[in-house]
Each structure stands twice: as structure tokens, then as C-alpha cells.
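Here is what each chain is made of, one letter per residue.
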Amino acid sequence: MAELFKNHIDGKWLAASAGQTFENRNPSKRDDLIGLFPASSAQDVDAAVRAAKQAFSTWRLVPAPKRGELLYRVGELLRKYKEDIARGMTREMGKILKETRGDVQEGIDTAFYVAGEGRRLFGETTPAELPNKFAMSVRAPIGVCALVTPWNFPMAIPTWKMFPALLCGNTVVLKPAEDTPHTAQRLIEILTEAGIPPGVVNLVHGRGEEVGAALVRHPDVQLVSFTGSAAVGREIAAVCGQHLKRVSLELGGKNGQIVMEDADLELAVEGALWGAFGTTGQRCTATSRLIVHCDVAKTVTEALMARAQKIKIGDGLDESVDMGPLINQSAREKVLRYIDIGKQEGARLLTGGAVHDSGACVNGYFFQPTIFDQVNPSMRIAQEEIFGPVLSIIEIKNFEEAVEVLNSTAYGLSSSIYTQDVARAFRAMRDIEAGITYVNGPTIGAEVHLPFGGVKNTGNGHREAGTTVYDIFTEWKSIYVDYSGKLQRAQIDNAE
């Protein structure tokens, strides 16, 4: 009989108020039922938000270093349970164990990094313009934060959002993706074991159209942090704008890797393979466009094809496997649609382009690593986010054209250039329109102590990770202390 999981509200594990559930199945083996999770409603969301609002009144008064100490304990527990969490995550969403272990490690790194910031939530002191007067600015928590997270990094992304929010004195309601509820469940169990007070962190499972929408619209939610598609992000931004809620959006990408004629081609091919087919291409930072100088395009293309055809596809729990499945049937159908679009637009399919359903893969959502060449930058497969193992090769004649092509999409998250020319590398850093640029590295591999985010349709200007994340989860308060013992008029003409 399938295990029945629950929401976590005000420190208690509770079924959905309507008693409804949804299934969570292994994308590698569709007959493997992981469990049943609450199909929650607005009523459950309201209970979670009320609990978070009540807990905020006391949590905000806990000194930030003490909040940081709790996150240190969370980090230690994540490290203790790392292998168990990674295996559960691979079973739940498919990516190989090396990647799910890395996903958990991101949570560990974030816990320890954020914990230390409990003693570094710096404000500023500055001279006042009047005598015997002191001026400073400090950070203050915002209140109840709704965190709506995706399935492709089901530990890393929730911790990127949750840990800074908690450190700053906010309380949270987490709404994880329907495809990865179990990993979220494990995170909340660990926070509970670490000693997080009731109501400070709440978990509500369910569909985005119901639970996510109710969270975004709830009047007691002061901040919404969302990672997902640009289309949904626009809807959330519109609602938050109407209610003057703070909103942080981390949306899509159409990332390009430039390979110049002087590049280390073996290194560039390695980077393209990892960037395009890691996580089965299901990353917002995935390399979906390879922008190659015409002098080396043939060599690079042939090497990529040979390597892509050797990628071992299968259940990520098998340590010998290189690439797992797509997340669900809808994702596989979307990739198939884009394969047809690419062919119709005139791109040449070099390898892949079909479902992989042989042998042990017959019951999963597997797809072949796919490469197109003869791709025009204006084609849909070069402009739209596919979110699957599909790489489009675009030939260019010089550096200026390479940058122009890379910048030609509506997104601007991650980017990469392979070159031995240091001057050219610095020009790329300056001219590429993206929040992240790698030199001689793939478009994936962000580190938790640097800002993460992008430009254009990739988001609304906020950056997660690094120190910039605290500008999302705090308000600035300016404080003036007048110890002159008399009224001093500011903002009037005091000139004598």
C-alpha cells in the first residue's frame, strides 16, 4: 500500500482539508509509486499562512546569530542524511546520483554559508548633517514569505530561498513542485529535527493553479519568491503588483556557449556535453545553443556527435548511467514537438531526436541526446526554452557575430566562451547580456556565494545566493538619533 504523506503546518503533520491526494511516481519506472501527497486547497494555504504570521511575531525577535546557529544544525543534518536524500531524489525526479548528491551538497553549502551571515547582516553608519546627531541604516525582516519552487533542483533551490529568508527573521510557506514533493518533505523533516519552532516553516503540497495561486494572492503574504517559467512568472508579477507585494522571479534561459577558433576544442566539447545533457537538459542554465566559429565547426560537431551517441541512458540509481529521464510525459511531448519544429524550420537533425524506450527504459520518460546543426539564430529551437536534451549548433564567422547571436534571445541567464585570447575573454565579459558568464567553462556550475540570476526575461532583477539575496528578504530601515537636547530642523535651509 502506498505511503501517505502530509502537509506541515504550525509544527503538525496534517492531511489536506478536503482529504484529496495526488500520486508521486518515479519517472524512470512509472510503475514505482513513491507515495500519495496532499492535494491541498486555499483552506490549507490559509492555515499555513496564519501559522507563519503568528510565528513571525516571536521569530523576528530571535537574534540573527542564534537563527544562524540553527541553520548550522540543519547543514550538519543534511550532511548526515546526504546519501539517503540523494537516492530518494533520483528515484523521485530521475537525475543521476552524482547530480542529486550535488543537489544536496548545494543545500549543505547554503546552510553553512547563510548561517555565517547571521553575524554579518550589516547595515551602515554615516555622518549626519547636523551636530550631535547619529545616523545609521539596518535590515529588518519583511514577514511571511511564500516560496514556490521547481522540480529540477528540489533541494538546492528551496534552500537558496528558505535559508536566507529564515536568517533574516522571516517565516515561510513552501509550495514545492508536484513532481518532487518527497524531497521537500525530507527538508522539512530535517528542519524539524534541527529544532525550528512551530509555524516558522510550513509546507503545503498541491497544484500550482490552486495552492500556488492561493499563496500569491493571500493578503498576509508579504513576499513571493518564484522559480519557474516566464509565462507563470509574469502572472505572479501582475498579481503581486496589484497588491504591492515584493516579488522575486527566477525564470527561464536560452543559454549559449561560444567556441572560438583558438579554443581548446577538447575542453569545449566536454563543456558542451555537460552543459547540454546534464540533468537531461532540464536546467535553466543548460547549454541549448553552441555558437561555433566556422573554422572549427566541423571538428567540434563531429566530436560532439560521437560523444553524444555514447551517453548511457537509464535509471539514475545505476552508477554507470550518464543521463536519466525527462521528468514526465508532458515534458517528453514538449521535446518531441520541438524536434518537429526544428526539422520544419530547416535545421538538420544530426543525432537523437527520438524517445529512448529500449530495454529497461521502456517504462520511463527517457529521450535521446539530440543535436541539430545548420541552425539559424532566428529559428524557434534557437530562441525558445525547450528544457530537454536538445543542442542547436550555430556557426559564426567572428567574435562580434558570436556575441550578437548569443544576445539575440529574450533571455539572459548564463553564458560561456571558450578562447585562449585574454582580451577577447574580457570583451565577452563586458558585452554578453547575461547575469552569469563563464570563461572556458560550461554554462552550468553556479556557486552559492555568488549572485545568481539574469537579465531580460530571465527575471525581474533580483539575485539569489551571495550577499545580494538579503536585499530580497529584508527591508532597509534608516534610524536617526538626536542627542543635542534641542529641536534641530532638517530638510530646511539652515544656511547662515
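Everything in this summary refers to the structure shown in the same document. (Residues numbered from 1 in each chain as written. Predicted model: local features only at pLDDT ≥ 70, side-chain atom pairs only at ≥ 80, totals over all residues. Heavy atoms only, no water.)

**Side note on the pairing of strand 18 (residues 414-418)**
Then, in step 1: Where burial is concerned, most of strand 18 is hidden: five out of the five residues are buried.
Then, in step 2: Burial along strand 18 is two-sided: the face carrying Ser414, Ser416 and Tyr418 and the face carrying Ser415 and Ile417 are both buried.
Then, in step 3: Looking at chain direction, strand 12 (residues 255-259) and strand 18 are connected through four bridges and run parallel. When the sheet's bridge partners are listed, Gln257 is paired in strand 18 with Ser416.
Then, in step 4: One ladder, built from four bridges, connects strand 18 with strand 19 (residues 436-439); its direction is parallel. (Buried < 20%, exposed > 50% of the residue type's maximum accessible area, 1.4 Å probe, protein only. Helix = DSSP H or I, 4+ residues; strand = E, 2+ residues; numbered from the N terminus. Pairing = 2+ DSSP bridges.)

**Examining the side chain of Thr180**
Then, in step 1: Inspection of the secondary structure puts Thr180 in the loop between strand 8 (171-175) and helix 6 (181-194).
Then, in step 2: Thr180 gets classed as buried once you look at its relative accessible area, which sits at 2%.
Then, in step 3: Every residue in contact with Thr180, bar those within four places of it in the chain, is listed here: Glu92, Met93, Pro150, Trp151 and Pro154. (Contact = heavy atoms within 4.5 Å.)

**As for the pattern of salt bridges**
Then, in step 1: In this structure the tally under the stated criterion is 31 salt bridges.
Then, in step 2: Between Asp220 and Lys53 there is a salt bridge; the shortest N-O distance is 3.4 Å. Of this pair, Asp220 sits in the loop between helix 7 (208-217) and strand 10 (223-227) while Lys53 sits in helix 1 (residues 42-59), placing them 167 residues apart in sequence.
Then, in step 3: In this structure, Lys95 engages Asp103 in a salt bridge whose closest nitrogen and oxygen atoms are separated by 2.9 Å.
Then, in step 4: By sharing partners, the salt bridges in this structure join Glu83, Arg87, Arg101 and Glu319 into a single network. (Salt bridge = Lys/Arg side-chain N within 4 Å of Asp/Glu carboxyl O.)

**Describing empty space enclosed by the protein**
One way to see where empty space is left: roll a probe the size of a water molecule over the atoms.
Then, in step 1: Scanning all chains against the criterion turns up three cavities of 30 Å³ or more.
Then, in step 2: Space inside the largest cavity adds up to approximately 80 Å³.
Then, in step 3: Lining the largest cavity are 15 residues, and of these Gly281, Ala286, Ser288, Ile386 and Phe387 lie nearest its centre.
Then, in step 4: Per-class residue counts for the lining of the largest cavity are six nonpolar, six polar and three charged.
Then, in step 5: Size it by volume and the second largest cavity reaches roughly 60 Å³.
Then, in step 6: If you trace the second largest cavity, you find it lined by Thr110, Tyr113, Val114, Trp160, Pro164, Val448, Ala465, Gly466 and Val469. (1 Å grid on protein atoms, 1.4 Å probe; cavity = no way out; pocket = protein on both sides within 12 Å on 5 of 7 lines; lining within 4 Å. Points joined across faces, edges and corners; volume = space filled by probe spheres on them. Nonpolar A, V, L, I, M, F, W, Y, C, P; charged D, E, K, R; others polar.)

**Notes on the pairing of strand 8**
Then, in step 1: Burial within strand 8 is extensive, with five of its five residues counted as buried.
Then, in step 2: Neither face of strand 8 is open: one carries Thr171, Val173 and Lys175, the other Val172 and Leu174, and all of them are buried.
Then, in step 3: With five bridges joining them, strand 7 (residues 144-148) and strand 8 adopt parallel strand pairing. Looking at strand 8, one finds that Cys145 is bridged to Val172.
Then, in step 4: Remark: the strand 7/helix 5 (residues 156-167)/strand 8 crossover connection has right-handed handedness.
Then, in step 5: As for the winding sense of the linkage, the β-α-β connection from strand 8 through helix 6 to strand 9 (residues 201-203) is right-handed. (Right-handed = clockwise from strand over helix to strand, strands pointing away.)

**What to know about the side chain of Thr287**
Then, in step 1: Inspection of the secondary structure puts Thr287 in strand 13 (residues 287-293).
Then, in step 2: Only 2.6 Å separates the side chain of Thr287 from the side chain of Thr443, close enough to count as a polar contact. (Polar contact = N/O pair within 3.5 Å; in protein donor to acceptor, adjacent residues only side chain to side chain.)

**Observations regarding the sheet that holds strand 19**
Then, in step 1: Here seven strands make up an open sheet; going across it, the order is 14-15-16-13-12-18-19 and the pairing mixed. Each of the sheet's edge strands pairs with one partner strand only, and the pair in question is strand 14 (348-351) and strand 19. Between one strand axis and the next, the sheet turns by 25° as a mean value, whatever way the strands run.
Then, in step 2: The pairing of strand 15 (residues 370-373) with strand 16 (residues 390-396) spans three bridges and is parallel. Paired with Thr370 across the strands is Val390, a residue of strand 16.
Then, in step 3: Together, strand 12, strand 13, strand 15, strand 16 and strand 18 form the strand contacts of helix 9 (residues 265-277), whose direction differs from that of strand 12 by roughly 170°.
Then, in step 4: Of the strands in this sheet, strand 12, strand 13, strand 14, strand 15 and strand 16 are in contact with helix 10 (residues 297-308), which crosses strand 13 at around 145°. (Axes fitted to C-alpha atoms, helices over the stretch in contact; angles between N-to-C directions.)

**Topic: the environment of Ser478**
Then, in step 1: Within the element layout of this structure, Ser478 appears in strand 21 (residues 474-482).
Then, in step 2: Looking at Ser478, the relative accessible area reads 54%, which means it is exposed.
Then, in step 3: Along the backbone, Ser478 and Ser137 are 341 residues apart, and their C-alpha atoms lie at a distance of 4.3 Å.

**Focus: helix 5**
It helps to recall that an α-helix has 3.6 residues per turn; residues three or four apart then point in one direction.
Then, in step 1: The end-to-end C-alpha distance of helix 5, which contains 12 residues, comes to 17 Å, matching closely the 16 Å that a straight helix rising 1.5 Å per residue would cover.
Then, in step 2: When you tally the buried positions in helix 5, you get 12 out of 12 residues, the bulk of the element.
Then, in step 3: Along helix 5, the residues classified as buried are Ala156, Ile157, Pro158, Thr159, Trp160, Lys161, Met162, Phe163, Pro164, Ala165, Leu166 and Leu167.
Then, in step 4: The first or second residue beyond helix 5 is Gly169, which carries a positive phi of 100°. (Expected span 1.5 Å × (residues − 1).)

**Brief notes about the state of the cysteines**
Linking two cysteines covalently via their sulfur atoms produces the bond known as a disulfide.
Then, in step 1: On inspection of all chains with the given rule, the structure shows zero disulfides.
Then, in step 2: Unpaired in this structure, Cys240 has its nearest cysteine sulfur neighbour in Cys145, at a distance of 12 Å.
Then, in step 3: Counting only cysteine sulfurs, Cys240 is the nearest neighbor of Cys284, a cysteine outside any disulfide, at a range of 20 Å.
Then, in step 4: On the basis of relative accessible area, Cys284 is assigned to the buried category, the value being 16%. (Disulfide = S-S within 2.5 Å.)

**What to know about the environment of Pro158**
Then, in step 1: Along the chain, Pro158 turns up in helix 5.
Then, in step 2: Residues in contact with Pro158, not counting those within four places in the same chain, are Thr149, Phe153, Phe163, Leu174 and Leu187.

**So, the sheet that holds strand 6 (residues 133-141)**
Then, in step 1: An order of 5-6-21 is seen for the three strands of this open sheet, with the pairing classed as antiparallel. Of all the strands in the sheet, the pair left with one neighbour each is strand 5 (124-127) and strand 21. Looking at each pair of strands side by side, their axes are set apart by 20° on average, direction ignored.
Then, in step 2: The pairing of strand 6 with strand 21 spans nine bridges and is antiparallel. Its bridge partner lying in strand 21, Lys133 is registered against Asp482.

**Describing the packing of aromatic side chains**
Aromatic ring pairs: the centre-centre distance and the angle between the two ring planes describe each pair.
Then, in step 1: Per the stated rule, a full pass over the model turns up five aromatic pairs.
Then, in step 2: Here the aromatic rings of Phe5 and Phe37 are separated by 4.5 Å at their centres, their planes lie at 5°, and the arrangement is stacked. Placement of Phe5 in the segment before strand 1 (7-9) and of Phe37 in strand 4 (residues 33-38) is noted, with a sequence separation of 32 residues between them. With respect to burial, Phe5 and Phe37 carry one shared label: buried.
Then, in step 3: By way of ring pairs, the aromatic residues Phe5, Phe22 and Phe37 are connected into one cluster. (Phe/Tyr/Trp six-rings, centres within 6.5 Å; stacked < 30°, edge-to-face > 60°.)

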